[in-house]
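Each chain, letter by letter, is given below.
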Amino acid sequence: MADGSSRTWQRDHPWAFVYDRISGDPRLGALLWRIGVGSSIDVLHGTAARELARLEPGDTVLDIPCGGGVVLRDLPADHGLRYLAADISPAMLERTRAESRRLGLTGIETVEMDVGALPLDDGAVDLVLTFTSLHCFPDPRAAIGEIARVLAPGGRLALSTIVTDAPWPYRGVWPLGRAAGVLGPGCSRAELRSWATQAGLADVELRPAGGLTYVTATRA
Ligand SMILES: C[S@@+](CC[C@H](N)C(=O)[O-])C[C@H]1O[C@@H](n2cnc3c(N)ncnc32)[C@H](O)[C@@H]1O
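Residues numbered from 1 in each chain as written. Predicted model: local features only at pLDDT ≥ 70, side-chain atom pairs only at ≥ 80, totals over all residues. Heavy atoms only, no water.

The next thing to look at is helix 4 (residues 90–103). Between its first and last C-alpha, helix 4 extends 20 Å over 14 residues, near the 20 Å set by a 1.5 Å rise per residue. Listing the buried residues of helix 4 in full gives M92, L93, T96, E99 and S100. Buried residues of helix 4, viewed axially, fall in a sector of 115°; they line one side. In helix 4, those exposed residues whose orientation departs by more than 90 degrees from the buried face are R101 and R102. After helix 4 finishes, the residue G104 shows a positive phi value of roughly 70°. (Helix = DSSP H or I, 4+ residues; strand = E, 2+ residues; numbered from the N terminus. Expected span 1.5 Å × (residues − 1). Buried < 20%, exposed > 50% of the residue type's maximum accessible area, 1.4 Å probe, protein only. Arc of directions from axis to C-beta.)

As structure tokens, then:
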């Protein structure tokens, strides 16, 4: 269980409060999602399903931040994977456990982790899923470095984030999100590509989807 240096809050991460307003409220949440992200959740599910389908039974997946367990819907009941659903927020992990029960899944390990200091060995993971994520982290470059470190050679990364050079009006989320303490400094597409390459990731592909950028890469 990591108690990372990015923890400055006393009770739980601010996202534990905000998440339900955005993902759980069908009216205000849908509006905020459309204004802030301008993308469809189907892109997330399609990307996750494609990457999960490449794995063999017994492979290890790290889903960080798992949030409310959104990716669990893309797992077959007989997935046979070691699935680590990780988040810095205990409340979000509880939501993931509830979602796992609702879907009748077994073999989901929920673990408190700070993406900036992953308590995992080098090369321990075959697939890292980190969706709607990098813009929330206090040090996105350190997060990329840690994710690359724990990936096995040939292991895959699938990520989505709002970038600082996202098209208008999506980049308008920064002042509000920074003030609310739910967004970090973020990064541009060029920084993202350069940090990933420097961390040892190859075949780095960036695809825009509204205000989000999806990235896939392979550990060299
Ligand atoms: C926008 S939510 C995304 C959750 C999920 N991936 C999704 O797409 O619904 C951001 C999540 O990042 C988590 N988080 C923020 N900082 C983190 C950190 N340093 N390490 C791990 N998780 C973090 C929050 O608790 C929250 O659950």
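Turning to the sheet that holds strand 2 (residues 82–87), a few remarks are in order. Within the open sheet, the seven strands sit side by side as 3-2-1-4-5-7-6. Their pairing is mixed. Since the sheet does not close on itself, it has two edges, and those belong to strand 3 (108–112) and strand 6 (201–209), each with one partner. When strand polarity is set aside, the average angle formed by the axes of neighbouring strands in this sheet is 15°. Of the pairings in the sheet, the one linking strand 6 to strand 7 (residues 212–219) comprises seven bridges and is antiparallel in character. The residue of strand 7 that forms the bridge with E205 is T216. The sheet contacts of helix 7 (residues 189–198) involve strand 5 (151–162), strand 6 and strand 7, and relative to strand 6 the element is tilted by about 160°. (Pairing = 2+ DSSP bridges. Axes fitted to C-alpha atoms, helices over the stretch in contact; angles between N-to-C directions. Contact = heavy atoms within 4.5 Å.)

Glancing now at the pattern of salt bridges. All told, the structure shown has nine salt bridges when counted by the stated rule. Its salt-bridge partner being E99, residue R73 comes within 3.6 Å of it at the nearest N-O pair. Taken together, the residues span a long stretch of sequence, with R73 in the loop between strand 1 (60–63) and strand 2 and E99 in helix 4 at a distance of 26 residues. For R73, a relative accessible area of 47% translates into the label partly exposed. (Salt bridge = Lys/Arg side-chain N within 4 Å of Asp/Glu carboxyl O.)

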